[in-house]
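Coordinate analysis (summary)
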Amino acid sequence: MILILDEQVHPGTPLFAAIMEYLSHRPGVSARVHEVKGDLQTLTEIYLIGDTATLDRDEIAELAGVDRVVRVSREYRILGRHKDDFRPSGFEYNGVSFSQDSFELFAGLCAVDNRDSVDRMFRALAAQGLRCARMGAYKPRTSPYAFQGHGAACLPFVFESAASHGVSVIAMEVTHEKHIQEIHDALATAGNATGVMLQVGTRNTQNFELLKAIGRQHEFPVLFKRGFGITLEESLNAAEYLASEGNQRVVFCLRGVKSNLGEPHRNLVDFAQVPVVRRLTRMPVCVDPSHAVGRRDLSPDGIEDIHHAAVQGVVAGANMVLVDIHPEPGKALVDGPQALTLDELPLFVEDLKIAREAYLKRRAAHERARPPAELPKPADSQPA
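Residues numbered from 1 in each chain as written. Predicted model: local features only at pLDDT ≥ 70, side-chain atom pairs only at ≥ 80, totals over all residues. Heavy atoms only, no water.

1. Some thoughts on the environment of Arg-203
Definition in use: Secondary structure elements follow DSSP: runs of H or I no shorter than four residues count as helices, runs of E no shorter than two count as strands, and numbering proceeds from the N terminus. Contact between two residues is taken to exist if any of their heavy atoms lie within 4.5 Å; hydrogens are not considered. N or O atoms within 3.5 Å of each other form a polar contact, as long as, within protein, one can give a hydrogen and the other can take it, and as long as residues adjacent in sequence are counted only when both atoms are side-chain atoms.
Along the chain, Arg-203 falls in the loop between strand 10 (195–200) and helix 6 (208–216). Separated by 28 residues in sequence, Arg-203 and Thr-175 place their C-alpha atoms 9.1 Å apart. Residue contacts for Arg-203: discarding those within four places in its chain leaves Pro-140, Arg-141, Thr-142 and Phe-228. Engagement of the side chain of Arg-203 in a polar contact is seen with the side chain of Thr-142, the distance being 2.8 Å.

This is the structure:
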């Protein structure tokens, strides 16, 4: 059960103390307090854990200072979408909005190799009017002998170049708790002229101690990739680790799953589950066609498989696309065979615009065809 308090009620106020006193007399129930920080206000939510079935929802809803009560219907109680759950979804970070109604493209280097590649990449993004990117400084690899990324050494010139080209948010994978501090320090040195969305890679989906560490920090939002060898439900529960530690600003990314049934693609593309994640949770949903497909095959229609996969996700309602692009894929230190070129970026952007428009037209057509009573209430895309 989730108690959402009035905006003026927070720890330290008399009403908050009275609510906690009431809850302390409910046997078998413990309370965990979370503050949801938005640009304009901070809301306090209390998550009740334990034998909540015996609690009287209506009685709690009548308590002074309680705005509304949500009965939890899924294990992922914070990120999940529950019955009669109209909590605000989405967030804003560094001037960019992320919600189940927004759309952004994060294109860039799977792994940073040198300053020139970084600068050329950001320049190309700026030419297309894009404000988000992906940049890999820390790279977990299957082989211990493969390139592991430049780490903190490349952060200064990455952030400097991003700022000079007007890039607002960079998705950057972290593999260790210390990387969070390294990114924080490098951004501070650069005057916080850009922002970072911490990425949890598929290999770390169930690295629970890392998830807890990322969840405890509230400076950076998180891009969480589905585990390549576990169920969707297990991945959603893993994402809940982030929120349970206090960071609810999470984007969920589908990136394909390991299966020989996916051949000749690198992974079995799971983008049909975009609407599933949107239905089960309040998280914005991302798709990563590069790591799902893993190769640059051209179909008889003249369209690459990576384009087809990306568009499938967007037409299904994806709110974000993560794609590998490199100035010279043949010289890329990681995943060159799947990277698009800078010359292909304009066409990829155009393709996604067509797909996004198609999704919006599909949604409008279905809304017109259904009686108003059958339509779910739309997610509130404004930050709390």
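2. As for helix 4 (residues 155–164)
Filter applied, for reference: Here's how the labels work: a residue is buried when its accessible area is under 20% of the maximum for its type, exposed when over 50%, partly exposed in between, all with a 1.4 Å probe on protein chains only.
Where helix 4 is concerned, the buried positions are Leu-155, Phe-157, Val-158, Phe-159, Ser-161 and Ala-162. Contacts made by the buried residues of helix 4 are with helix 3 (115–127), strand 8 (132–135), strand 9 (169–173), helix 5 (177–189) and strand 10. At the exit of helix 4 stands Gly-166, carrying a positive phi of roughly 75 degrees.

3. Brief notes about the packing of aromatic side chains
Keep this limit in mind: Classification of ring pairs uses Phe, Tyr and Trp, with its six-membered ring standing for Trp, and accepts pairs whose centres are within 6.5 Å; under 30 degrees between planes counts as stacked, over 60 as edge-to-face, and the remaining range as tilted. Criterion for a charge above a ring: Arg CZ or Lys NZ at most 6 Å from the ring centre, at most 35 degrees from the ring normal.
Per the counting criterion, the structure on display carries four aromatic pairs. The interplanar angle of 35 degrees and the centroid separation of 5.9 Å between the aromatic rings of Phe-224 and Phe-252 together place this pair among those described as tilted. In this pair, Phe-224 is assigned in strand 11 (residues 222–225) and Phe-252 in strand 12 (residues 250–254), connecting sequence segments 28 residues apart. Residue Phe-224 is classed as buried on the basis of its relative accessible area of 0%. For Phe-252, a relative accessible area of 0% translates into the label buried. Chaining the aromatic ring pairs together yields one cluster made of Phe-91, Phe-98 and Phe-106. The lysine or arginine in question, Arg-26, covers the ring of Tyr-22, its NZ or CZ lying 3.9 Å from the ring centre. One Lys or Arg, Lys-258, reaches over the ring of Phe-228 and ends 5.7 Å from the middle of that ring.

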